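# Overview (structure and organization)
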Amino acid sequence: MEKIVSLAKRRGFVFPDSEIYGGLANTWDFGPLGVELKNNIKNSWWSRFVHQRDDIVGLDAALIMNPKVWDASGHLRGFKDFLIECKHCHERFKVEDLLGGGGWEKEYEFLETLSPGDQEKRVRDLFKKCPNCSTVGQFAVPRKFNLMFKTFFGPVYDEKSTVYFRPETAQAMFVDFKNILNSSRIKLPFGIAQIGKAFRNEITPGNFIFRTREFEQMEIEYFVEEKDWEKHFEYWRTEVPSWLKEIGIDSNKLHELEVPDGERAHYSKRTIDFEYDFPFGKKELFGLAYRTDFDLKNHETASGENMKYKDAETGKEFWPHVIEPSLGVERTFLAVLASAYSEDGDRVVLKLPPAIAPYKAAVFPLLANKPELVKLARKIYEDLRKKFYVAWDERGNIGKRYYAQDEIGTPHCITVDFDSLEKGDATVRDRDTAKQERIKIDRLEEYIGRGLI
Ligand code: ATP
């Protein structure tokens with residue numbers, strides 16, 4: 001993990017946010033190469049799940065929505081964590097983490113009925129040693145904590161102007177459901193896809209970009225007839241891992257965890273968490289949930305608008321049921337980096353699939369002080385970069401330039417030498433094998449492009 005974090009900073013993938021002011025806890029910025037990798041991951045997802053399909057359409061909704069949305073969706077009441085603080089060291093924990101699972105809500109309800117003295121006694125029985133300072137029996141009574149970020153909409157700071165940063169992108173797909181139906185000719189089963197920011201006031205953010213308070217999601221709400229939900233659930237259960245494989249995530253490190261009753265989100269009847277063996281342990285990479293017709297139904301009740309789907313043939317109206325594959329962009333980014341990171345002797349290589357590598361190729365003149373080589377290399381560079389994002393380097397010796405490109409995952413390095421001037425070709429070196437081939441200059445675009453399919 002340390003190696004990945006250090007590489008990410010050194011080579012401009014991920015920096016601590018506001019670093020000159022000491023940073024902002026667990027908040028990160030994506031640097032010049034990070035933004036490329038992140039965009040390539042998002043574009044790959046969009047291409048596969050929106051552009052290459054007839055049955056899924058896109059959406060880019062406002063981040064701050066009418067707060068009634070969060071009332072109807074259950075987030076105002078149900079989107080909470082329980083925080084417990086050690087009175088000795090003041091470290092805070094999620095109750096769920098200390099108890100090693102869910103099922104705590106019932107206990108909390110019971111706790112609320114007790115007198116303060118009995119509450120403290122019960123807490124001492126349930127929570128023993130502080131994992132931070134090892135003090136025994138010093139936990140305060142847990143508190144309920146809504147995870148949504150609050151702010152004020154407009155210049156008046158009062159209850160009526162309180163709004164929330166969305167904690168998931170999903171709700172917009174439900175709220176806009178009718179607009180999408182009415183403006184497209186889409187028929188069941190179909191999906192709505194969105195990529196965008198979400199905010200959660202997490203109690204324990206950490207592990208680099210794994211858990212942050214501001215993050216991005218890639219979500220699909222896939223609408224189906226109730227009778228078919230299991231079939232579609234099974235489909236998405238393999239479809240998402242298949243995409244993850246395409247972007248280089250090691251399938252052997254992906255594991256399913258069936259989330260038991262009592263531990264699922266308030267809207268879900270079945271959830272599988274897909275966990276990945278991150279360098280710091282096995283943790284959720286993405287989730288697959290069967291949200292039933294919970295959301296559309298609630299929005300109809302709360303808004304008074306008809307949120308049903310009308311079958312054109314039978315005339316039957318009903319709320320479709322929903323299967324939701326939901327991925328975090330940053331967690332995917334981290335799993336991609338962890339899967340791609342490799343060492344070959346003292347050479348560090350990011351074995352990223354070419355389609356998501358920040359640069360598709362790097363172009364070098366063998367010697368920076370030979371104008372004829374620089375001129376030809378520059379011409380190749382200018383031509384290629386109309387099609388792909390390509391790097392230019394003329395510093396130091398060629399070995400160092402290869403090394404620098406390997407470390408950021410550039411699949412091919414193209415070197416222009418004296419033979420290139422006579423024969424119209426260049427040396428192309430492969431990142432993973434370090435093998436070199438001579439390729440005609442007019443075939444370079446096709447050669448680089450082939451690796452991207
Ligand atoms: P966790 O159990 O790790 O808190 P979750 O089950 O609450 O996650 P979901 O509500 O299912 O997460 O959100 C879908 C996806 O969004 C997660 O699988 C994850 O990839 C991403 N995600 C959720 N919370 C965060 C966060 N705080 N930081 C980064 N990504 C997140």
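Worth saying up front: this structure is predicted, and the values here are computed from it rather than measured.

Here we come to the sheet that holds strand β3 (residues 56-59). Pairing in this open sheet of seven strands is mixed, and the strands run β3-β9-β10-β16-β13-β12-β11 from one edge to the other. Bordering the open sheet on either side are β3 and β11 (254-258), each of which pairs with just one other strand. Mean inter-strand twist for the sheet, computed between neighbouring axes without regard to direction, equals 25°. With six bridges connecting them, strand β13 (residues 281-292) and strand β16 (residues 321-328) associate as antiparallel partners. Bridging across to β16, Tyr 290 finds its partner in Ile 323. With respect to the sheet, helix α10 (residues 229-246) is in contact with β3, β10 (214-224), β11, β12 (270-278), β13 and β16, its orientation differing from that of β13 by roughly 150°.

What follows deals with the packing of aromatic side chains. Throughout the structure, instances matching the rule amount to 33 aromatic pairs. Aromatic pair Phe 149 and Phe 199: ring centres 5.8 Å apart, planes at 70°, arrangement edge-to-face. Placement of Phe 149 in the loop between β6 (143-146) and β7 (150-152) and of Phe 199 in strand β9 (residues 190-199) is noted, with a sequence separation of 50 residues between them. Members of the aromatic cluster, each reached through a chain of ring pairs, are Trp 45, Trp 46, Phe 49, Tyr 222, Tyr 235, Trp 236 and Trp 243. Its guanidinium or amino end placed over the ring of Trp 392, Arg 378 lies 4.8 Å from that ring's centre, counting from NZ or CZ.

Turning next to the domain arrangement of the chain. Under the domain assignment used here, the chain contains domain 1 (2-67 + 169-341), domain 2 (80-146) and domain 3 (359-450). Each of domain 2 and domain 3 was reduced to a C-alpha centroid, and the two centroids are 59 Å apart.

On to helix α12 (residues 329-340), then. In this model, α12 (12 residues) spans 16 Å end to end at C-alpha, consistent with the 16 Å of a helix rising 1.5 Å per residue. Of all 12 residues making up α12, 11 are buried, and the element is well covered by its neighbours. Where α12 is concerned, the buried positions are Val 329, Glu 330, Arg 331, Thr 332, Phe 333, Leu 334, Ala 335, Val 336, Leu 337, Ala 338 and Ala 340.

Our focus in this paragraph is unusual backbone geometry. With glycine set apart, most residues show a phi of negative sign, and most peptide bonds adopt trans. In this structure, the amide linkage connecting Leu 188 to the following residue, Pro 189, adopts the cis form with an omega of -10°. Notably, His 90 is not glycine yet its phi reads approximately 65°, a positive angle. Within the element layout of this structure, His 90 appears in the loop between β4 (80-85) and β5 (92-94). With phi around 65°, Ser 134 is a residue other than glycine that occupies positive phi space. Residue placement: Ser 134 occurs in the loop between α7 (116-126) and β6. For Ser 134, a relative accessible area of 41% translates into the label partly exposed.

Within the structure, the ligand sits among 15 residues, and Glu 202, Arg 211, Thr 212, Glu 284 and Leu 285 are positioned closest to it. One nitrogen or oxygen atom from the main chain of Thr 212 is found 2.8 Å from a nitrogen atom belonging to the ligand. Taking Glu 284, its side chain carries an N or O atom lying 2.6 Å from an oxygen atom of the ligand. Summarising the interface, the protein chains cover 83% of the accessible area of the ligand, which totals 580 Å² for the free molecule. Among the secondary structure elements, those contributing two or more residues to the shell around the ligand are β10, β13 and β16. At four residues, the largest contribution of residues to the shell around the ligand is made by β13.

Reading guide: rules and limits
The numbering scheme is per chain: residues are counted from 1 as the chain's sequence reads. Reporting in this predicted model follows two pLDDT cut-offs: at least 70 for local features of residues, and 80 or more for side-chain atom pairs to be given and counted; totals over whole chains, interfaces and linings ignore these cut-offs and use all residues. In computing side-chain properties, one takes all heavy atoms of the structure into account and sets aside hydrogens as well as water. Two strands are said to pair when DSSP picks up at least two bridges between them. Under the DSSP-based scheme used, a helix requires at least four consecutive residues in state H or I and a strand at least two consecutive residues in state E, with every element numbered from the N terminus. Only the contacting stretch of a helix is used when fitting its axis, a line to C-alpha atoms as for every element, and angles between N-to-C directions run 0 to 180 degrees. By definition in these notes, contact holds between two residues if any of their heavy atoms fall within 4.5 Å. A pair of aromatic rings is counted whenever rings of Phe, Tyr or Trp (Trp by its six-membered ring) have centres within 6.5 Å, and the orientation is called stacked for planes under 30 degrees apart, edge-to-face for over 60 and tilted otherwise. When the NZ atom of lysine or the CZ atom of arginine is within 6 Å of a ring's centre and also within 35 degrees of its normal, the charge is said to sit over that ring. Each domain span listed reflects an automatic or database assignment of domains. Here, expected helix span is obtained from the residue count minus one, scaled by 1.5 Å. Here's how the labels work: a residue is buried when its accessible area is under 20% of the maximum for its type, exposed when over 50%, partly exposed in between, all with a 1.4 Å probe on protein chains only. In these notes, residues near a molecule or strand are those with any non-hydrogen atom within 4 Å of it. Side-chain atoms alone can form a polar contact between residues adjacent in sequence; in general such a contact is a pair of N or O atoms within 3.5 Å, and within protein one must be able to donate a hydrogen while the other accepts it. We get accessible surface area from the Shrake-Rupley algorithm with a probe of 1.4 Å; when it comes to residues, only the shown protein chains can shield them.

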